[in-house]
Amino acid sequence: MENKLITVTSPLLPNLEEYQTLLKEIWDSKWITNNGSFHKQLEKELAAYLKVPYLSLFTNGTLPLITALQALRITGEVITTPYSFVATTHSLWWNGIKPVFVDIDPATGNIDPDKIETAITPKTTAIMPVHVYGKPCDTQRIQEIVDKYGLKIIYDAAHAFGVEVNGESILKAGDMSTLSFHATKVYNTIEGGALVMHDEQTKKRIDYLKNFGFAGETEVVAPGINSKMDEMRAAYGLLNLKQVDAAIEARHQMAIKYREVLRSIDGITFMDDMPGVKHNYSYFPIFIDAEKYGMTRDELYFKMKEKNVLGRRYFYPLISTFTTYRRLESSQPENLPNAHKMAESVICLPMHHKLTQEHVERILNSIIY
Ligand SMILES: *Cc1c(COP(=O)(O)O)cnc(C)c1O
């Protein structure tokens, strides 16, 4: 068998002819951005698909984080997780907010609610948790804490497209949630994202904020940013929405195959489905116990690479170890033992809708020895 490179992900691409038909419509209309008809349609269809009343499209998944913090007037300190993509913490920094890192629950990789309260100070104004790998946070526990201390919650739900708990969208939790539609995510618009809110008033305000603060032709109500999604990407997004269910099901089948084989390998653990949760299988992280497995995480990672199987050490290194953040008190490794352990043992296996049985065998053969 040909030993072609297996990448960790592969973008969900619309049918090219269908896309060309929509592009022709855009060319004919000459309306290429600024709340065009595809933009409006995608907002409507996405809200229906995700079972949320309101959302606002953005040009990527980072600006909704930054904008949510602005909209809720968050200042001072925000409690967050070091086990995420850097954009989570960067959004705080860009708002002049001090990130306070709290350790994770080793079972889910999400912020440990039991450790949030001790991190609260008089300066704390909000919590920014992440549904890591699309695994839902304990939203009920986090809500209870927030209610007690009068804080806000912004969920970074970049991994949690379509995830539901007991038939309810995970995006309904907290004050707002953000999504990323980057090429590497389960659902993509090449670059793109969204902010999910719960009422019409907030939606209106967010729509102003993502368009320089314009509330009309001549009125600017706030120092807004520019984060509008253009018509080309909105049209692309409409086509991808039609095939995302099939893509998620293909990922689900991959997860089943991986688990079947990996369950019997000593020193490798993975995450099972959670009861009552509709998962999106956005990532398939495995965790290496070097002693039991007989090889360190990095040794396995490079061995797979030699066999042309690209895993990803996602999330490694931790955000708290990067130059900007490493001097914060909360960044000290003693404060984050579970996060360090997970970051040092994880490899995300290739996971996307195009993987075949042959691929699975090659991937698993690169791990079994
Ligand atoms: C991808 C991602 C983002 C950023 O999204 P972009 O669309 O790349 O700006 C934010 N947070 C998490 C957890 C992500 O995985």
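Quick note: structure is the one above.
All of these numbers come straight from a predicted model, not from anything done at the bench.

1. Considerations on the packing of helix H3 (residues 63-71) against helix H6 (residues 200-209)
H6 packs onto H3 with a crossing angle of 120° between their chain directions and a minimal axis gap of 10 Å. One finds that H3 runs oblique with respect to H6. In terms of crossing hand, the pair formed by H3 and H6 is right-handed. On H6, the residues touching Thr67, Gln70 and Ala71 of H3 are Arg205, Ile206 and Leu209. Tallied by class, residues from the contact of H3 with H6 come to three nonpolar, two polar and one charged.

2. Some points on the packing of aromatic side chains
Per the counting criterion, the structure on display carries 17 aromatic pairs. Feature note: the residues Tyr83, Tyr133, Tyr283, Tyr314 and Phe315 constitute an aromatic cluster, connected by ring pairs. When the ring centre of phenylalanine 58 is taken as reference, the NZ or CZ atom of lysine 210 above it lies at 5.8 Å. Above the ring of tyrosine 316, the side-chain terminus of arginine 297 is found at 4.4 Å from the ring centroid.

3. A word on the environment of valine 196
On the secondary structure map, valine 196 appears in strand S9 (residues 193-197). On the accessibility criterion, valine 196 (1% relative accessible area) is buried. The sequence separation of valine 196 and leucine 239 amounts to 43 residues, and the corresponding C-alpha distance is 21 Å. Not counting residues up to four positions away in its chain, the partners in contact with valine 196 are Val52, Tyr54, Leu55, Leu171, Asp175, Met176, Ser177 and Leu179.

The rules behind each value
Residues numbered from 1 in each chain as written. Predicted model: local features only at pLDDT ≥ 70, side-chain atom pairs only at ≥ 80, totals over all residues. Heavy atoms only, no water. Axes fitted to C-alpha atoms, helices over the stretch in contact; angles between N-to-C directions. Helix = DSSP H or I, 4+ residues; strand = E, 2+ residues; numbered from the N terminus. Parallel < 35°, antiparallel > 145°, perpendicular 65-115°, else oblique. Left-handed = near helix turned anticlockwise from the far one by under 90°. Contact = heavy atoms within 4.5 Å. Nonpolar A, V, L, I, M, F, W, Y, C, P; charged D, E, K, R; others polar. Phe/Tyr/Trp six-rings, centres within 6.5 Å; stacked < 30°, edge-to-face > 60°. Lys NZ or Arg CZ within 6 Å of the ring centre and 35° of its normal. Buried < 20%, exposed > 50% of the residue type's maximum accessible area, 1.4 Å probe, protein only.

On their own, these measurements won't tell you what the molecule is for.
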